Amino acid sequence: MQKPLAWISVQGRRERQVCIVELWQGQVCSAKPQRGCGVEDTMELYWQLFLSFLQIGAFSFGGGYAAMPLIQDQVVEIHGWLTMSEFTDLVTISQMTPGPIAVNAATFVGTRLAGTGGAVVATLGCILPSCLLVTLIAWLYLKYRTLSALQSVLAMLRPAVVAMIAAAGVSILVSAFWGGEAVSAAGFRGNEAVIFAVCLFLLMRKKWNPVAVMVLAGGMNVALAAAGML
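Per chain, the residues get numbers from 1 upward, laid out in the order the sequence is written. Where local features are concerned, this predicted model is filtered to residues with pLDDT of at least 70; where side-chain atom pairs are given and counted, the filter is 80 or more; whole-chain, interface and lining totals use all residues. Water and hydrogen atoms were dropped before computing side-chain values, which therefore reflect all heavy atoms in the structure.

Student: Would you explain the overall build of the protein chain in this entry?
Tutor: Helix and strand labels come from DSSP, where a helix needs a run of H or I of at least four residues and a strand needs a run of E of at least two; each type is numbered from the N terminus. A tally of regular secondary structure across the protein chain gives 7 helices and 3 strands. Shown N-terminal to C-terminal, the secondary structure of the protein chain runs as helices and strands in the order β-β-β-α-α-α-α-α-α-α. Counting the 230 residues in the protein chain, one finds 30% classified as buried. Residue pairs in contact within the protein chain that sit at least 24 positions apart in sequence constitute 47% of those at least 6 positions apart. Exposure was quantified through the Shrake-Rupley algorithm and a 1.4 Å probe, taking into account, for residues, occlusion by the shown protein chains and nothing else. Summing over all exposed atoms, the protein chain offers an accessible surface of approximately 14,000 Å²; the carbon and sulfur share of this is 68%. Partly exposed describes any residue whose relative accessible area lies between the buried limit of under 20% and the exposed limit of over 50%, with all areas from a 1.4 Å probe on protein chains only and scaled to the type maximum. Throughout, a contact is declared for two residues whenever any of their heavy atoms are within 4.5 Å.

Written out as structure tokens, the structure is:
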């Protein structure tokens, strides 16, 4: 049996019914509940991917980390394409691969949902706003960079960017320490907290390369699992 080309999830915030459609390469596909499947469903999924990552690309002010709450909102909360645990894995993979985290996330989600075509569509949607806006802003900045109003706008954006990064960090921290479950003393994962503390120390005090820290963290996790401590 060939692997599914895509899983299409049509889902509302909380109220609407979930419809999952399997599209199989070269085979008859099934749907539940009753819903057509085929080219129209694939194009609908492409359109959803494009629009979702277009929004992420258009409002990701402040770099890759600032995009994380936007990515989480689109792929976890709104569409339900990933669980919170899968989103944490997505962030890890995006950090370990070259390129901006938002672009890597778009490629990952697109590939997972609709193969190569989904990856292209999602990535295009993510980078299109930046290409257009940066071209325009670069022209305006070079022409009006001495204006105090422009400097004031840039200064006002910085606190918002810091807040977005902090919100995304807290969500990932909760997912790592409690596995996406309710925060409680019983569900706290002490081993993950120790790994986090070690990595934070190496990054902040020893100035280790982030890639080396991630490799070390992976090795520590494997060692703990082999020892039966996870």
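So much for the structure itself; the text now carries on.
Student: What is the right way to look at helix 7 (residues 210-226) in this model?
Tutor: Relative to the 24 Å expected for 17 residues at 1.5 Å per residue, helix 7 spans 24 Å between its end C-alpha atoms, a close match to the ideal helical length. Of the positions making up helix 7, those classed as buried are V213, A217 and L224. All buried residues of helix 7 fall inside an arc of 40 degrees around its axis, so they share one side. Exposed residues lying more than 90 degrees from the buried face of helix 7 are V211, V215, V222 and A226. Each element contacted by the buried residues of helix 7 is listed here: helix 6 (190-204). One or two steps after helix 7, the chain reaches G228, where phi turns positive at roughly 75 degrees. A helix's residues, less one, multiplied by 1.5 Å, set its expected span. To be clear, the arc concerns the directions from the helix axis to the C-beta atoms.

Student: I would appreciate a short explanation of the confidence of the model for the protein chain in the present structure.
Tutor: In low-pLDDT regions, the fine details of the predicted coordinates are not to be read closely. In predicted models, pLDDT denotes the confidence assigned by the predictor to each residue on a 0 to 100 scale. On average, residues of the protein chain score 78 in pLDDT, and 81% of them reach the 70 mark or higher. Across the protein chain, the element-wise mean pLDDT spans from 32 in strand 3 (residues 31-32) up to 91 in helix 6. Here residues 1-37 is modelled with pLDDT under 50, and outside its nearest four sequence neighbours on either side it reaches 75 contacts, counting other chains as well.

Student: Help me understand helix 4 (residues 101-144) in this model?
Tutor: Along an α-helix, residues three or four apart share an orientation, since each turn contains 3.6 residues. For helix 4, spanning 44 residues, the distance from its first C-alpha to its last is only 30 Å, which falls clearly below the expected 64 Å at 1.5 Å a residue. Its maximal kink placed at A114, helix 4 deviates by approximately 145 degrees. To get the bend at a given residue, fit one axis to the seven residues ending there, fit another to the seven starting there, and take the angle between those axes.

Student: Honestly, the pattern of salt bridges in this entry has me stumped. Any pointers?
Tutor: By definition here, a salt bridge exists when the distance from a side-chain nitrogen of Lys or Arg to a carboxyl oxygen of Asp or Glu is within 4 Å. Overall, the coordinates contain 1 salt bridge when judged by the stated rule. Note that R112 is salt-bridged to E86, the shortest N-O span being 3.0 Å. Residue R112 is located in helix 4, and its partner E86 is located in helix 3 (residues 84-96); the two are separated by 26 residues in the primary sequence.

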